[in-house]
Every structure is written in C-alpha cells, then in structure tokens.
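Topology and contacts: notes
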Amino acid sequence: MSASGVKQVPDTETQIRIAPDGQSIVKDDIKWVMNPYDEFGVEEALRIKEKFGGEVTIVSLGPKRVTESIRTALAMGADKGVLINDPSAEDSDALATARALAAVIKDMEYDLIFTGQRGVDDDMGLVGASVAEILGIPQLSVITKVEVSEDGTSVKVERPVEGQTLTIESPLPALITAQKGLNEPRYASLPGIMKAKKKPLEEKTLADLGLDASQFGKEARKLKVLELTPPPQRQAGKIIDGETPEEKAAELARVLHEEAKVI
Amino acid sequence: MNVNQRRLGGGMFLFVDDVNFEDVFTPEDFSSEHKDIASAVEEFINGEIASRSEEIEELNNALSRKLMQKAGELGILGIDIPEKYGGMQLDKISSAIASEKFGFGAGSFTITELNHTGIGTLPVALFGTEEQKRKYLPGLSSGKLIGAFGLTEPEAGSDALNPLTTATLSEDGKYYVLNGNKQFITNAGFADVIFTYAKVEGKLFTAFIVEQNWEGVSVDEEEDKMGMHGTSTRAYHFDNVKVPVENVLGEVGKGHIVALNALNMGRFKVGSVCIGSAKRAFFEAIKYAKQRRQFGRPICEFGLIKEKISEMAVRIYAAESMMYRTAGLIESRLQGVDMGSDESGIRTAEALEEYLIECSINKVYGSETEDYVVDEELQVFGGYGYIRGNHPELAYRNARINRIWEGTNEINRLVVVNTLGRRAAKGIIDVDRAQRKGLERLEVFKPEETDIPGRLDAQESLLGAAKDVFSLVFGLAYRRYGRALRREQEIIGMLADIMIEIYAMESTLLRAKKLMSGKRPEKAYLPVQMTKILFYESIEKVGFLARSILETMQGEMSARKYIPLVRHVLVSPNLNIVSLRREVAGGMIQSGRYLI
C-alpha cells in the first residue's frame, strides 16, 4: 500500500500575475496541473504497485479544482483519492498542510508515502518532511532511485549529492520525496480516464478528520508571505564595439569592471 | 452530457429565428471528461510529437508508424470506434477536441493522425459488415494497422465519383479484379489497409477494402509537397489486384454513400484541426508581438498590430463556436442510439448526412480562418516570418492544403447550397413560405440605430433580418433557375457565403448570450465585444452578396427592385469599431493566447 501526496500548481507556462494585495497571485484563468515532482512520486508508487500488488491512494489538500489533478493520477492508475476540501484551510502554510495530509494517512495501512521534493509554485520543500515527522517515520528526501526489498520490509534509495550518489537503506514504512530523474511518468490514457471516473474520490473537511480549524488558514500561518514581486525586467543586451579582438576584450573588461561592477 | 433538448434539424438554422442559447453546445459546456481527454491528448503531443518535430518534418515513416502505435496504446486512435472493436466509443465533441489539440501542437504529424482516424478508418467503422469490422477495426484502433483513403485519381479530383479505376467480377464470382491508379494518398508510405473506389461494369461506383501487401498493389515514391512534409503522400497502382467479394464495402453501386459520409466526418475533423492550428499561430503571433520592439516599444502596442490580433481572435472565436455547436447537434441526433451496437455506424452516417451543411460550413470557415490567421501571423513577424525555422514560415505552407482536401472549399460551397436545394425539392424546406414570410418582415424591419454596450439586442435583430434576406434571395434564385441553379456556380458561391456568415453570426451570438447568463457573466465581456465586431463585418458582407445576387437576376424575373430594401435593412448600429478592436486585442495580449 502506498499513499501519494499531490499538490496542484499553476502550469509552468502560465503567465503569473500578482494580485492587488501584493501577497498572492491572481488565480483566475490559470491552467492548473499536478506538481511535476509529485507526478514522479505517483509514477513510482504505481510501478511498485505493479511489482508487489497493493493499492495507491492519492491525498491532497485544496479547493474543488484539485479533483482534476487527483483524477489525472487516478487515470494514470492510482486506485482512490482523498481531497481535504475545507474553506478554512485556504492559504494554509506547509506545516498545516502536512498536518491535514498526515491526519488522512495515519488511519490508512501504508508502507510508503511519496511526495514531490518540492512544489514548483512556492519552492518550500517542507510538506514531505513535515508529514514524516508528524507520522514518526523515516524521511528519504530528494530521491532518484527506489528499490523495495523482495520481502517488502525495507527500501534502498539513491540521492545525488555533489556528483556522487548517496545510497540509503531504511525500514518501511517510510516517506520518500521524489526528485527529477526518478522515472519518466506515464501518460494518462483515454481508457485510464474512463476508468478513473468510476474510482472513489472522497472529500473531507477538517472536522471530518478531527482537526481544529483555527490551526489552519492564512491567520494561523507560521510563515507569512510579506510581499510578492515580479522578477526584474530584463535589461537590453549590449554589443561591444571595437575594430580588433584586443580592443573588444579591453572594452568588455572595462564594462564588466566599471558598469556591471562584477570584476 | 449537455446537449440540446430541442434539436434543430440540419440547415434549419437559416429559417428558424428563435434558437435558444440553452439548446446550443459551446466549449463552456465541456464536461470534466472532455477536459481530461483534452489534457491527455495534449500531454501526449507535447511529450512525444512536439519534442521530435524536426525529425518528423524531415519525413520519417518508421518514426510516424511508431508514434501512431503509441497514440493507439493511449486510446487516441479509437475515439470514434465502438468499444467492442477495441475503441473508446466517445462522443463527437471529444473527437473535435482531440483533432484541435493535434492541430495546435503536432505539426504535420496532425495529418498522419487525422487522415488515419478520419477517412482512413471511418469507411469500415460506419459501413463495414460485422465481419469486416472485426477484422480491421481493432488494428486500426490500436495503431497496429494504418488506414488510407484512395479516392483521388489523376483524372478524377473534384469529380471523384467518376474514376477510371475498374473492378471486374471473376468468373467464379469470388473476387473482383481491380485495375487503376490513385494519387495523393496520405499515409500511403506505410499504410496497411486502403479504402478505395472503382467502377463495376463501367458504371457502378463501389467501395473496396484493399490490403497494401496484396499482389498487384504498388506504391510510388513520396510526393515533393509544398508543406506537410512530415506526412507521407504517394500514389497507388492497382494491377490486376484480386479483391475477395467479402471486401466490398457497403453495396455494389453504393460506393458514393461510403465515400461521401466518410468525407463528411473528414470535413468535421479538418475543421477542428484548422481551429487548433489557428490558435497556435495566434499564440505565436502574440508572443512575438510582445517581445519584438520597434520605435522603442513592443509592436503589440501599435494600433495596426492590435487590429490584426483582434481580427484573428474574432475569427477563431467564430470558427470555434460553429464547430462545437455542430458537434453538439450531431451528438444530439445520436441520443438514444446504442453506440456499442452494430447499427451505430449507419446511425452516425445518418446524423452526419443530416448535418452535412454544417460540416461543410465548418470545413470552409475553419480552413479559411486558419489561412487568414497564419497569413497575419507571418505579417506580424515581418521579414522574420519569411525565414525558415520561424513558426509562420512552416505554418503558412502547412495550412494551404486544408482549403483543398476533403473536398475543395469550392466543392464544399456547392455542397452547402445544393443540399439545401435538394431538401427544398423534397419539401423538407418550404422555400415559398420562407420567402414570403421573410419579405413581409423585411418590409416593416427597422434596424437599431445605436449599439448598447454590454447588450446584443441590435445584433440579434440584425441576425433575423439577415436570415430573412437569405430566404428572399434563395427563394428568388430557386424559382428563377429551378434545377438549373446548379449551373449558376457564382450565385451558389454567394448564397453559400451568406449561409456561412449567418451560421458564424448566430453561433457567436448564442455563445455570448449563454456566457452572459452563466455563473460568471464577466466571462462574457470579450465574447460580446467579438460578437459585435463579427456582426459589424458580416452584416456588410451579407448585404453586399445579397445585392450582387439580386443584380444578377435580371430580365423577366428581375429582382433588382429588392436592392433598396436590402440596403435599408442590413445596417449596423453606430459603434466605435476601433475601440472595440483595441479592447479585444488588449484582452488577448494580456492572456498571451486565445482565451475567453
């Protein structure tokens, strides 16, 4: 059995606009997709299921639209989905999100939990670690290879570190955060989409999970977003003039030193 | 699914004047399943096709074959095929959505896929016997078999039902001997099954299923085409090919039913593909216009570029509204049909036949929209657009064929009007009554003088007047020429153009109204402005065409006297067209793509 946490994020090609409050983005007309790192996690969970049997459950926190991403995972082959959909959980920080996910997972039978190593939207990389901490299980982060032992009691994983590979072994259950390179996620097939329609997708509120709503939402954030600013406008390039390569090199050195002040 | 309760019959949009927006299917009505299918097809194209576009555009039949098989494994080739033959058995809306996605992102691989799933599969899917379906459909659906459509001959292009290819029954009555040549056949470089046509006993036009590896079938070299370089196009030669009688498709002498119905669906699909390519060209044009700076600022800030962006958007909006409205009509005609049963093929053909006018209109409007948009895209790029390696250069060449195949746009214009004439002759349409009623109403019609911001009343009443003008000129032409109207091709062309403009105006108007009454009425803002721009131009065009037809019908049954009336009724309300266009362009530039 494995659980996979997924987050819905804006498609990386979406043009992001900052909302008038200066602290969030305009959410209308954004194309939402499953966080690409989570997709590696879903794919790995499915491969393990294909080898060992069992079930894959997708767990997510967010508004109704997140069911689209859960359905994508179901269409890829996951068995069921749980969405924690509660207006009081809107704008929760990573810790609160992890509490909600853990509340769903703790009552399930599980051997492995996958999440992306980070979300491509706010790049926090905290949810996976926090879920593992709350559940009191080992956390294996930024993983590019997963090998479950034949008897299904432990897992050997690889993490790239500065040109080397770190191999780690851990007993199960454990939580793995997926890094690019772990696998090539499969496409959702049309038959998969049709089958996904019939798979269970449960929605739960914080109260259903026995959670205190006051610990969630914008007000309860331990990390507060003060300001969002767009990246600086790219300056126009500069073409170095000069008759000879020597002249050009001298001019380049001068510009880098005096104008760009980088050397 | 959400389709019309009160279904409008084929071609009846011209004569019914109180079509309710609730009865019209629009892209805003897509179900979650439609959206999932859209993103699944998109993911496949982005991951497998777009990333290999250079290799594909060099023409690599082995790669095409592999990619087709991959598409088949994901169920993409089986959208229109019943489940019992390995297909997905999805609706025609899903079919249009998938074609659109290919048009957007798959370059010339689009045609490899489109031709296979359209005219390269539909003949047997619609008209095959159970035996034939069992033999060929699972393979065609999974991509293990590739289908081709062999209709065109060197001497039989638009006159396709008059081939020189012959089929002679053997003495023992077990097979036909096929002799002849077919040309410009898409996917011929690697197809397995050919749906081809020949005359039996010199007169009976008949469809056959031929397998490419049979003795006597030979394939020519690849054609060196202007565009669509990544798709295989070759000629076939049939030299005493023995075709078992079990491989006659449909009845002997009824091959036209097979060919024309397959082409109907083909036209529907070409229309969707064109909308997808137009959206892509539009996206590239905006992207470039935002980044290209001249006179110290991005060119998208200049009025003449904004005008182009707005005009492109309006046409795409119209084409898209017409396309999905038609898909909804066909789907509603199929309500209650068991799509898993063997009669579903024939029922689908009947539905397509009923909406033949709409399918042809979509093909014409879609391909002309695409051509218009790629041309303007190239213009936005300026000199860079003319250079190989930039999107417009390829898009421009690839687009051109869509006005030619699946019936040239000229043939499709004839189809549109002749079908209406045939239905009038059968009494399905009461031409006299429509003409009388139209005239009565036109005589008391007063066009609105002022346009009201945020409302479409003036446009709605003008649409009624445009329909009445059509009833009048069609009625007059029908009586003046009778059966000989078929020979007056220029008049037919103009009548067809009026029909097309009416379908465009009505489809955009109904979609905008549906959005206005929807959950998020603010989403109607751009569609309302685009509808107004379209009406501003289309009403002028309808007036000009109607007057030209009336001018032509001189002599004894002179129709000139109606010219002042037409001039008086088809008048747009006062509105600031430049500011409307700037608003539409502004909205699109902000989104960076076609988005409403």
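Every chain's residues receive numbers from 1 upward, in the order its sequence appears when written. Whichever chain is written first is A, and whichever ligand is written first is 1; the rest continue in order. Where totals are concerned, whole chains, interfaces and linings use all residues; where local detail is concerned, this predicted model gives features only for residues with pLDDT of at least 70, and gives and counts side-chain atom pairs only at 80 or more. Excluding hydrogens and water, the side-chain values take into account all heavy atoms of the structure.

**Section: the domain arrangement of chain A**
Interfaces are often described in size by the accessible area the parts lose on coming together. Put simply, the rule reads: The split into domains, and so the bounds of each, comes from an automatic or database assignment of domains.
In terms of domain boundaries, chain A breaks down into domain 1 (2–220) and domain 2 (232–263). The centre of domain 1 of chain A, based on its C-alpha atoms, is set 47 Å off from the matching centre of domain 2 of chain A.

**Describing unusual backbone geometry**
Basically, it comes down to this: By the criteria applied, helices consist of DSSP H or I runs no shorter than four residues and strands consist of E runs no shorter than two, each listed in order from the N terminus. Relative accessible area decides the class of each residue, using a 1.4 Å probe on protein chains only: under 20% of the type maximum gives buried, over 50% gives exposed, and in between gives partly exposed.
Omega for the peptide link from L172(A) to P173(A) comes to 0 degrees, which places this bond in the cis form. As for its placement among the helices and strands, P173(A) is situated in the loop between β10 (164–171) and β11 (174–178). Its identity as a non-glycine residue notwithstanding, L59(B) has a phi of 65 degrees, on the positive side. Relative to the elements of secondary structure, L59(B) occurs in the loop between α2 (53–57) and α3 (61–73). Judged by relative accessible area, which is 27%, L59(B) ranks as partly exposed. Residues other than glycine seldom take positive phi values, yet M228(B) does so here, at roughly 50 degrees.

**A look at the nonpolar core**
In globular proteins that are soluble, nonpolar side chains generally tend to be buried together. Basically, it comes down to this: To qualify as a nonpolar core, a set must consist of buried Ala, Val, Leu, Ile, Met, Phe, Trp, Tyr and Cys residues joined through side-chain atoms within 4.5 Å. In this description, contact between two residues means that some pair of their heavy atoms is separated by no more than 4.5 Å.
Formed by 153 residues in total, the largest nonpolar core has its most connected members in F282(B), F470(B) and M588(B). With 16 residues, the top contributor of residues to this core is helix α16 (residues 489–516) of chain B. Each of domain 1 (1–426) and domain 2 (430–576) of chain B accounts for three or more of the residues forming this core. Not counting residues up to four positions away in its chain, the partners in contact with F282(B) are I309(B), M312(B), A313(B), I316(B), V373(B), M588(B), R593(B) and Y594(B). Counting residues in each nonpolar core, the second largest holds 78 residues, with V6(A), A73(A), I56(B) and L63(B) among its members.

**Regarding a nonpolar patch on the surface**
Residues and elements named next belong to chain A. The condition is simple: To count toward a patch, a residue needs a relative accessible area over 30% and no salt bridge; like charges are then connected within 9 Å, while nonpolar side chains (Val, Leu, Ile, Met, Phe, Trp, Tyr) are connected within 5 Å. All accessible areas in this document rest on Shrake-Rupley with a 1.4 Å probe, and a residue is counted as covered only by the protein chains that are shown. Here, a salt bridge means any Lys or Arg side-chain nitrogen found within 4 Å of an Asp or Glu carboxyl oxygen.
Side chains of I18, V225 and L228 sit close together on the surface and give an oily, nonpolar patch of about 180 Å² of accessible area. Tracing the backbone through its elements, the reader meets L228 in the loop between β12 (201–204) and α6 (245–259). For L228, a relative accessible area of 31% corresponds to the partly exposed category.

**Observations regarding the pairing of β11(A)**
Successive side chains on a regular strand alternate, one facing one side of the sheet and the next facing the other. Residue and element names in this part refer to chain A. Definition in use: When DSSP finds at least two bridges between two strands, those strands are taken to pair.
Most of β11 is tucked away: 5 of the 5 residues are buried. Alternating residues of β11 divide into A174, I176 and A178 and L175 and T177, and every residue in both groups is buried. Examined bridge by bridge, strand β6 (residues 112–116) and β11 share 5 bridges and lie parallel to one another. Within β11, the position partnered with F114 by the bridge is I176. Alignment of strand β7 (residues 139–143) against β11, held across 3 bridges, turns out to be parallel.

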